[in-house]
Amino acid sequence: MRPVVIWGCGGHAREVNFLCEQIGQDVIGFLDERFQMKGAIVDDVPVLGDIDDIKDLLGKVDIICTGVGDPALRRRFFQKTRKAGFDLAEALIHPSVSISKSTHIGKNSIVCEGVVLTVNIKIGEFVIINRSTTIGHDTIIGDYVTVSPGVNISGNVKIGDGAYIGTGTSIREKVKIGDWSVVGGGAFVKDDVPEKTLYAGVPAILKKLLP
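- The name given to the protein in an unreviewed UniProt entry is Acetyltransferase, with Peribacillus frigoritolerans as the source organism.

Pasting the structure below:
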């Protein structure tokens, strides 16, 4: 595996760095758009600056765009990475993950410790599946999705691109979560969630429309 550079240097990026440490993946730096962060040291890893500051590493490193929890920011980091010509890292999967051979995980996605993935699950690119999450059979998860810790997703669920599922949420079988929607932490989702909406509560109901 080539060395990697991680977009972001906040809490989630540091957890991605820890995951890399656990699987033996060498991390040589973080990326951050804030000019004042360039040169900082975070968890013994240097912040190298923005993507244009590492042009000398082109062809020598792979980039991890999933160092931030915000799906829209993750998409923007991917677009900048692609424009700059850098290669993307493959999916990072913690060794404790329970995963069937029929499950597919897309490029640059991250699956953290304690996750259970059963059969015929399709996970897109640039997805975060956080700690202690369970995902049931035949579920489809789009690109740029964030699934927070402790989420339980039943079978035949479809989660659209850019959706954000809050900590401890439970989603019943056959539910559809629309693109770029948000489900608040601790919710129970029993009905479909339209795109670009915020749902929360037990059961989850519409709280507001999102831009």
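Now that the structure has been shown, we can carry on.
## Quick word on the UniProt feature "site: Increases basicity of active site His" (unreviewed entry) in the protein
- The sites that UniProt annotates as "site: Increases basicity of active site His" (unreviewed entry) are Asp138.
- By relative accessible area, which is 30% here, Asp138 ends up partly exposed.
- Beyond its immediate stretch of four places on either side in the chain, Asp138 contacts Val119, Asn120, Ile121, Asn156 and Val157.

## A word on the pairing of strand β24 (residues 197-200)
- Where strand β22 (residues 182-183) lies against β24, two bridges are found, and the strand directions are parallel. Opposite Val183, over in β24, you have Tyr199 as the bridge partner.
- Hairpin connection, β24 to strand β25 (residues 205-209): the antiparallel pair is bridged by four residues, and Gly201 has positive phi, about 105°.

## Some points on the UniProt feature "binding site: substrate" (unreviewed entry) in the protein
- Following the UniProt record, one finds the feature "binding site: substrate" (unreviewed entry) at Gly69.
- With respect to the element layout, Gly69 can be found in the loop between β5 (62-64) and α2 (71-84).
- Once residues within four sequence positions are removed from consideration, Gly69 is found in contact with His12, Arg74, Ile128, Thr146 and Tyr164.

## Description of α2
- Counted at 1.5 Å a residue, the expected span for α2 with its 14 residues is 20 Å, and the 20 Å between its end C-alpha atoms agrees.
- Residues of α2 that are buried: Pro71, Arg74, Phe77, Phe78 and Thr81. One side of α2 holds all its buried residues, which, seen down the axis, span an arc of 115°.
- Of the residues flanking the start of α2, the one acting as N-cap is Asp70, its side-chain oxygen 3.2 Å from the backbone nitrogen of Ala72.
- Following α2 by one or two positions, Gly85 adopts a phi angle in the positive range, close to 90°.

## Examining the environment of Leu206
- Here Leu206 shows up in strand β25.
- Put simply, Leu206 and Val183 are 23 residues apart on the chain and 9.5 Å apart in space, counted from C-alpha to C-alpha.
- Non-local contacts of Leu206, meaning those with residues more than four positions away in its chain, are made with Thr197, Leu198 and Tyr199.

## So, the pairing of strand β1 (residues 4-7)
- What you see with β1 is no split at all: Val4 and Ile6 on one side and Val5 and Trp7 on the other are buried throughout.
- Judged from the four bridges that link them, β1 and strand β2 (residues 27-31) form a sheet pairing that is parallel. Note that in β2 the partner of Val5 across the bridge is Gly29.
- One crossover worth recording links β1 to the parallel β2 by way of helix α1 (residues 11-23), and it is right-handed.

## Considerations on the nonpolar core
- Grouped together as the largest cluster of nonpolar side chains are 28 residues, with contacts concentrated most on Leu117, Ile129, Ile159, Ile171 and Ile177.
- Excluding anything up to four places from it in sequence, Ile171 contacts Asn152, Ile153, Ser154, Val157, Ile159, Ile165, Ile177 and Val189.
- By size, the runner-up hydrophobic cluster in this structure holds 18 residues, among which are Phe30, Ile64, Ala89 and Leu92.

What counts, and where the lines are drawn
Numbers given for residues are sequential positions, taken from 1 along each chain in its written order. It should be noted that, the model being predicted, local features are given only for residues of pLDDT at least 70 and side-chain atom pairs only at 80 or more, the latter also being counted only at that level, while totals for whole chains, interfaces and linings use all residues. Note that the side-chain values use all heavy atoms of the structure and ignore hydrogens as well as water. UniProt positions are given in the numbering used here, feature names are shortened, and annotations may be inferred rather than shown by experiment. Only protein chains enter the calculation, and the probe is 1.4 Å; a residue is then buried if its accessible area is under 20% of its type maximum, exposed if over 50%, and partly exposed in between. Whether two residues are in contact is decided by their heavy atoms: any pair within 4.5 Å suffices. In short, DSSP must find at least two bridges between two strands for them to pair. What counts as a helix is a DSSP run of H or I of at least four residues, what counts as a strand is a run of E of at least two, and both are numbered from the N terminus. Helix span, as expected, comes to 1.5 Å for every residue beyond the first. As used here, the arc belongs to the directions running from the helix axis to the C-beta atoms. Polar contacts, as counted here, are pairs of nitrogen or oxygen atoms within 3.5 Å of one another; within protein the pair requires one atom able to donate a hydrogen and one able to accept it, and residues that are adjacent in sequence qualify only if both atoms are side-chain atoms. With the strands pointing away from the viewer, any crossover whose connection runs clockwise from the first strand over the helix to the second is right-handed. To form a nonpolar core, buried Ala, Val, Leu, Ile, Met, Phe, Trp, Tyr and Cys residues must be joined to one another through side-chain atoms within 4.5 Å.

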